[in-house]
Amino acid sequence: MRHRSRLAGLPWVLLAPDAWAAAWPEVAQLRSEGNRVTREETLRREIALVEGDAADPAAIEAGRQAILDLELFREAEARTGARADGRVDVVYRVHEKRYVLPIPRVNTSSDADLSYGAQLRWINVWGLGHRLDAVFERGDFPEDRRRREEQSASFTYEAPFLVADRYDLRLSAGRLER
């Protein structure tokens, strides 16, 4: 008899997620705050929760983590606000990173080789989560017989979720002069 009573509770355990979902209020509105550059559709693409869904705290937290996983923000928080009709608004507040980063480049070796240049890194191009990297370098190699000096430039552009949110685009080009 004891074995039977344990199995009798099993269907209730299996139905519990649906029972809990009915207990959460409905999401009336999703919105974001603090995103001066990042477009709303870039954030919405990452959040599985939509208006009309149950305001499950686990789903709200998963949306907050998905926003952080974009690596475009220093921090993100989620909060809810109750409405008079019993539904809730879900607000994701973000603090954006700096998106344009100039980086000086200097490299030297024990063979008296010296290279210098600059790199420009721009993440979140046009607020879409795209990325642009441009690198320019010049090198002097006084002890190398095959090359005395060298100039190089490279360019990379990455556009995630470009076509129908299913395909990414990556373009690269470079030039090397010796």
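Placed above this text is the structure.
Residues numbered from 1 in each chain as written. Predicted model: local features only at pLDDT ≥ 70, side-chain atom pairs only at ≥ 80, totals over all residues. Heavy atoms only, no water.

Colleague: I would appreciate a short explanation of the packing of aromatic side chains in the present structure.
Modeller: In this structure the tally under the stated criterion is 2 aromatic pairs. Ring centres of Trp126 and Tyr157 lie 6.3 Å apart, and the angle between their planes is 55°; this geometry places the pair in the tilted category. Remark: Tyr157 occurs in strand β7 (residues 149–163) and Trp126 occurs in the loop between β5 (114–125) and β6 (130–140); sequence separation between them is 31 residues. Classification of Trp126 by relative accessible area gives exposed; the value is 54%. (Phe/Tyr/Trp six-rings, centres within 6.5 Å; stacked < 30°, edge-to-face > 60°. Helix = DSSP H or I, 4+ residues; strand = E, 2+ residues; numbered from the N terminus. Buried < 20%, exposed > 50% of the residue type's maximum accessible area, 1.4 Å probe, protein only.)

Colleague: How should I be thinking about the sheet that holds strand β2 (residues 73–82) in this particular structure?
Modeller: Across a sheet, strands are paired by hydrogen bonds formed along the backbone, either parallel or antiparallel in direction. The sheet built from 3 strands is open, its strands ordered β1-β3-β2 with mixed pairing. Of all the strands in the sheet, the pair left with one neighbour each is β1 (27–33) and β2. Here the strands of the sheet are splayed against their neighbours by 15° on average, with no regard to which way each runs. Pairing of β1 with strand β3 (residues 88–96), which is carried by 6 bridges, proceeds in the parallel orientation. When the bridges of β3 are listed, Val27 appears paired with Val88. Helix-sheet contacts for helix α4 (residues 57–69) involve β2 and β3, and the interaxial angle to β2 is about 155°. (Pairing = 2+ DSSP bridges. Axes fitted to C-alpha atoms, helices over the stretch in contact; angles between N-to-C directions. Contact = heavy atoms within 4.5 Å.)

Colleague: Would you explain the pattern of salt bridges in this entry?
Modeller: Close approach of charged atoms allows side chains with opposite charge to pair. Within the structure shown, the criterion is met by 20 salt bridges. One salt bridge in this structure joins Glu33 and Arg93, with 3.8 Å as the shortest N-O distance. Highlighted residues: Glu33 in strand β1 and Arg93 in strand β3, separated in sequence by 60 residues. Of the residues examined, Arg93 reaches a relative accessible area of 39% and is grouped as partly exposed. Two residues, Arg87 and Asp85, come together in a salt bridge whose shortest N-O distance is 2.8 Å. Among the residues examined, Asp85 registers a relative accessible area of 49% and is labelled partly exposed. When salt bridges with common partners are traced through the structure, they connect Arg31, Glu33, Arg79, Arg83, Asp89 and Arg93 into a single cluster. (Salt bridge = Lys/Arg side-chain N within 4 Å of Asp/Glu carboxyl O.)

Colleague: Quick question: what am I supposed to make of the pairing of strand β4 (residues 100–108) here?
Modeller: Residues in a regular strand project their side chains so that they alternate between the two faces of the sheet. Note that β4 and β5 share 9 bridges and pair antiparallel. Among the inter-strand pairings, Val106 is bridged to a residue of β5, identified as Tyr116. Connecting β4 to the antiparallel partner β5 that follows it, the hairpin turn spans 5 residues, and Ala112 within it adopts a positive phi of roughly 70°.

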